[in-house]
Amino acid sequence: MAVWIQAQQLQGDALHQMQSLYGQHFPIEVRHYLSQWIESQLWDAIDLENPQEEFKAKRLLDSLIQELQNKAEHQVGEDGFLLKIKLGHYANQLKSTYDRCPLELVRCIKHILYTEQRLVREATNSNSPVGGMMDSMSQKYQQINQAFEELRLLTQDTENDLRKLQHNQEYFIIQYQESMRIQAQLASLATLPPADRQLREPALLSKKNTVEAWLTREANTLQKYRLDLAEKHQKTLQLLRKQQTIILDDELIQWKRRQQLAGNGGPPEGGLDILQSWCEKLAETIWQNRQQIRRAEHLRQQLPIPGPIEELLNELNSTITDIISTLVTSTFIIEKQPPQVLKTQTKFAATVRLLVGGKLNVHMNPPQVKATIISEQQAKALLKNENTRNDSSGEILNNNCVMEYHQTTGTLSAHFRNMSLKRIKRSDRRGAESVTEEKFTILFESQFSVGSNELVFQVKTLSLPVVVIVHGSQDNNATATVLWDNAFAEPGRVPFLVPDKVLWPQLCEVINMKYKAEVQSNRGLSEENLVFLAQKAFSSSSNNPDDYRSMTMTWSQFNRESLPGRNFTFWQWFDGVMELTKKHLKPHWNDGAILGFVNKQQAQDMLMSKPNGTFLLRFSDSEIGGITIAWVAENPNKAGERMVWNLMPYTTKDFTIRSLADRISDLNHLLFLYPDRPKDEVFSKYYTPPLCKRPSEHTVTFKFESHSCEAFITE
């Protein structure tokens, strides 16, 4: 069902939230009359951080205006006449608003669609008759929303109590003034004749005693009101702190963890809209309570009454300031991380966002954010609040950026689009550590005030660890460092400590995730593939997966020590397989045509039971980023005997000349892809059409892995 149809069925607060998405920046009538067109466009295909995408956004803006004008032209009748004028006006309004910044239109509509989908999804879950089917995330969201409702009611209650206290105190002051007036009248009696004084004094004394007795009782009542209000504020602040802990220490930390795993090829971390809405509710509630506490303090100063209330209010003020400080500093986050393998003299980007910037009106005086690259040791010192004397470990060009407020989405963010690492200063390395194991981080920092300079915040946030390289040949080793760090970093660690060894099944999850992401395939690594990798990693011959479940792999085994008899590490071999598959073999891997993770002996055992001409494709053991063809055929040197042949591995260099499918087509003695599929059935859709072949390609040279002979096949 179309989202707009479902959105119109929302009720209560959800309907109010949906309606608040619209305004002059994007009228709700446009959403209504162009709902089908809007929902059919590929808004997500446009990268908002890439200025080069602006032409796509401009095309969508022009199409939107054209659709509106077409809709307006087709209106007839009296009602249609008014609608025609209104839609035409909206077309001109949108053109005027977004013609110079079409990416903002895309940002606006993406935000609207995402929020509507979320509201519809939440409403659907809450209305479901089967409560037990609601997933844990929906339950958690419901608990958070319930806590916000409780906080709203508590804040409204203390607001009512504060107004009542203010009213009673104002009346108390009036009565106190009356008491002072009576005192003055009594004092003035001394100037009167005794007879007049005796006549008037008793009534004034009686009135004075009555008023003073009332003032004493009311002072006690006011003190009780103040204490009761302070206790209610204590309760509110306890719930606020608890709610803030859930959102910042659970939900936001989980988002950051998902962001970290996304760097290893995990699923996208998801948007920040829900988190921002929660943080904004926190900010609003905290600020309301802070203002209430300040008003209560003002009332106390206006009418000091001896008692514990002064100390209580000081404690409340300190607590609420601590809560809002934690919120502001924790919600200054990196929305888009810089690349974790960072090459010098190469342009890179990052985005920093303040989740409560809009609600606290920080954008009224937009702060500037500065980016600096610092070392692991400097990051440790920073987190210990040690004086780092503004040290850096390199020079970043274009490292200052002003935060921009996007009114349509309510986001305050700084987009660093053209940073470049000009130089890097490395520290002394430890032991066997190489330059591609040295970790740095990008420090983003800013300063801004909240509430008419009442509070000034200095905020800092560190990027995920980055490894700096100066040449492309260092990329695979740097990627290994990043992969291990992203996968096995513990929350709240000292920068940038990671375990030196991990269980093999844990590493399997990591490399499977990375493989699927790099190859862009739903076909991951099977249990048989992982057993093959375990055999390679541990120099083992066991085919039983259970034998490896309790085994651990060290960082040195992963990417410091070469595999036995080779001049490359386990990771370097695996990374070569990924690169080759990603660039040249992806369709064949997705089709299941490549077994890949099979050693020479296994290939021989598998093929010897099959007819001559049966072949399989396996990744080379001896060469990084190589794939070889193994096939069974007669032994030309011994009649009646069969043997398995292995071609010298093909690499990226070979496939840039001629594809794998064409090479298989060239080899006429290859008949069946293991176990028994005719090769043309599997590969023919990838063959280069005959007319596209160059004459020189009709002669094919191939070498065997044994180097024992060289053969030529001519078509």
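Predicted model only: the values in this text are computed from it and were never measured.

K.L.:
Explain the overall build of the chain to me, please; I cannot follow it from the model alone.
P.N.:
In terms of helices and strands, the chain carries 21 helices and 20 strands. A compact globule built from 715 residues would reach a C-alpha radius of gyration of about 27 Å, whereas the chain, at 36 Å, exceeds it by more than 25%. Its C-alpha atoms put the chain at 150 × 80 × 55 Å along the principal axes. Residue burial in the chain is summarised as follows: out of 715 residues, 47% are buried. Taking the intrachain contacts of the chain between residues at least 6 apart in sequence as the baseline, contacts between residues at least 24 apart amount to 68%. Accessible area for the chain stands at about 36300 Å²; split by element, carbon and sulfur atoms hold 49% of it. Put simply, the chain has 81 plus and 84 minus side-chain charges, and the middle of one group is 3 Å from the middle of the other.

K.L.:
Looking at this model, I keep getting lost on the domain arrangement of the chain. Mind explaining?
P.N.:
The extent of an interface is frequently quoted as the accessible surface area lost upon association of the parts. Per the domain assignment, the segments of the chain are domain 1 (3-126), domain 2 (131-328), domain 3 (337-488) and domain 4 (585-686). Just the C-alpha atoms count here: the centres of domain 3 and domain 4 sit 48 Å apart.

K.L.:
Sorry if this is basic, but what is going on with the pairing of strand β14 (residues 614-619) here?
P.N.:
Put simply, side chains in a regular strand alternate between the two faces of the sheet. Of all 6 residues that make up β14, 6 are buried, and the element is covered over most of its length. Taking every second residue as pointing to the same face, both faces of β14 are buried, with T614, L616 and R618 on one and F615, L617 and F619 on the other. For β14 and strand β17 (residues 672-673), the ladder comprises 2 bridges, and the chain directions are parallel. Within β17, the residue paired with T614 across the bridge is F672. Strand direction decides the pairing type here: β14 and strand β15 (residues 627-634), joined by 5 bridges, are antiparallel. Bridged to F615 within β15 is W631.

K.L.:
Would you mind showing me how to read the sheet that holds strand β10 (residues 455-462) here?
P.N.:
Neighbouring strands of a sheet are bound in pairs by backbone hydrogen bonds; such pairs are parallel or else antiparallel. With antiparallel pairing, 4 strands are arranged side by side in an open sheet as β6-β4-β9-β10. Among the strands making up the open sheet, the edge pair consists of β6 (400-402) and β10. Pairwise comparison of adjacent strand axes, ignoring direction, gives a mean angle of 25° for this sheet. When strand β4 (residues 368-375) meets strand β9 (residues 440-450), the two strands line up antiparallel, connected through 7 bridges. By the bridge assignment, I373 is partnered in β9 with I442. Packed on one face of the sheet, helix α12 (residues 376-383) meets β4, β9 and β10 and runs near 120° to β4.

K.L.:
Whenever I open this one, the packing of aromatic side chains confuses me. Can you help?
P.N.:
The geometry of an aromatic ring pair is captured by two quantities: the separation of the ring centres and the angle between the planes. Counted under the stated rule, the structure contains 28 aromatic pairs. Between F558 and W571, the ring centres sit 5.6 Å apart and the planes meet at 40°, which makes this aromatic pair tilted. Separated by 13 residues along the polypeptide, F558 in helix α16 (residues 555-559) and W571 in helix α17 (residues 570-590) bring together distant segments of the chain. The same class applies to F558 as to W571, namely buried. A cation over an aromatic ring shows up here: R523 above the ring of W589, its NZ or CZ 3.5 Å from the ring centre. Note that K536 overlies the ring of W573, its terminal NZ or CZ placed 4.4 Å from the centroid.

K.L.:
Can you walk me through a nonpolar patch on the surface in this structure?
P.N.:
On the surface, F81, L82 and I85 cluster together into a nonpolar patch covering about 320 Å² of accessible area. With respect to the secondary-structure elements, L82 resides in helix α6 (residues 77-98).

K.L.:
Teacher, can you tell me more about the nonpolar core here?
P.N.:
Across soluble globular proteins, nonpolar side chains have a tendency to be buried as a group. I247, I373, F416 and F444 are the most contacted members of the largest nonpolar core, which totals 82 residues. When we break this core down by domain, the ones giving at least three residues each are domain 2 (131-328) and domain 3 (337-488). Look past the residues within four positions of F444 in its chain and what remains in contact with it is F332, I334, A350, V352, V369, K370, A371, F416, M419, V459, K460 and T461. One finds A487, L533, F615 and L673 within the second-largest nonpolar core, a separate group that totals 59 residues.

K.L.:
Before we go on, may I ask you to explain the side chain of K380 in this structure?
P.N.:
Its location among the elements puts K380 in helix α12. Each residue touching K380, except ones within four places of it in the same chain, is listed here: V494, P495 and F496.

K.L.:
Please clarify how unusual backbone geometry should be interpreted in this entry.
P.N.:
Trans is the common state for peptide bonds, and a negative phi is the common state for residues other than glycine. The omega torsion of the bond from P495 to F496 falls at -20°, within 30 degrees of zero and hence cis. Cis rather than trans, the peptide bond between Y674 and P675 has omega equal to 5°. Note on placement: P675 falls in the loop between β17 and β18 (677-678). Residue Q345 is not a glycine yet carries a positive backbone phi of 60°. Secondary-structure assignment places Q345 in the loop between β2 (341-343) and β3 (347-354). When its relative accessible area of 57% is taken as the criterion, Q345 is described as exposed. One non-glycine residue with positive phi stands out, namely N398, at about 55°. Look at N398 and you get exposed, because its relative accessible area is 52%.

How each quantity is defined
Residues numbered from 1 in each chain as written. Predicted model: local features only at pLDDT ≥ 70, side-chain atom pairs only at ≥ 80, totals over all residues. Heavy atoms only, no water. Helix = DSSP H or I, 4+ residues; strand = E, 2+ residues; numbered from the N terminus. Rg over C-alpha atoms; globule rule 2.2 N^0.38 Å. Buried < 20%, exposed > 50% of the residue type's maximum accessible area, 1.4 Å probe, protein only. Contact = heavy atoms within 4.5 Å. Areas by Shrake-Rupley, 256 points an atom, 1.4 Å probe, with all protein chains shown as cover. Lys, Arg positive; Asp, Glu negative; His and termini not counted. Charge placed at Lys NZ, Arg CZ, Asp CG, Glu CD. Domains from an automatic or database assignment. Pairing = 2+ DSSP bridges. Axes fitted to C-alpha atoms, helices over the stretch in contact; angles between N-to-C directions. Phe/Tyr/Trp six-rings, centres within 6.5 Å; stacked < 30°, edge-to-face > 60°. Lys NZ or Arg CZ within 6 Å of the ring centre and 35° of its normal. Patch = residues over 30% accessible without salt bridge, like charges linked within 9 Å, V, L, I, M, F, W, Y side chains within 5 Å. Salt bridge = Lys/Arg side-chain N within 4 Å of Asp/Glu carboxyl O. Core = buried A, V, L, I, M, F, W, Y, C linked by side-chain atoms within 4.5 Å.

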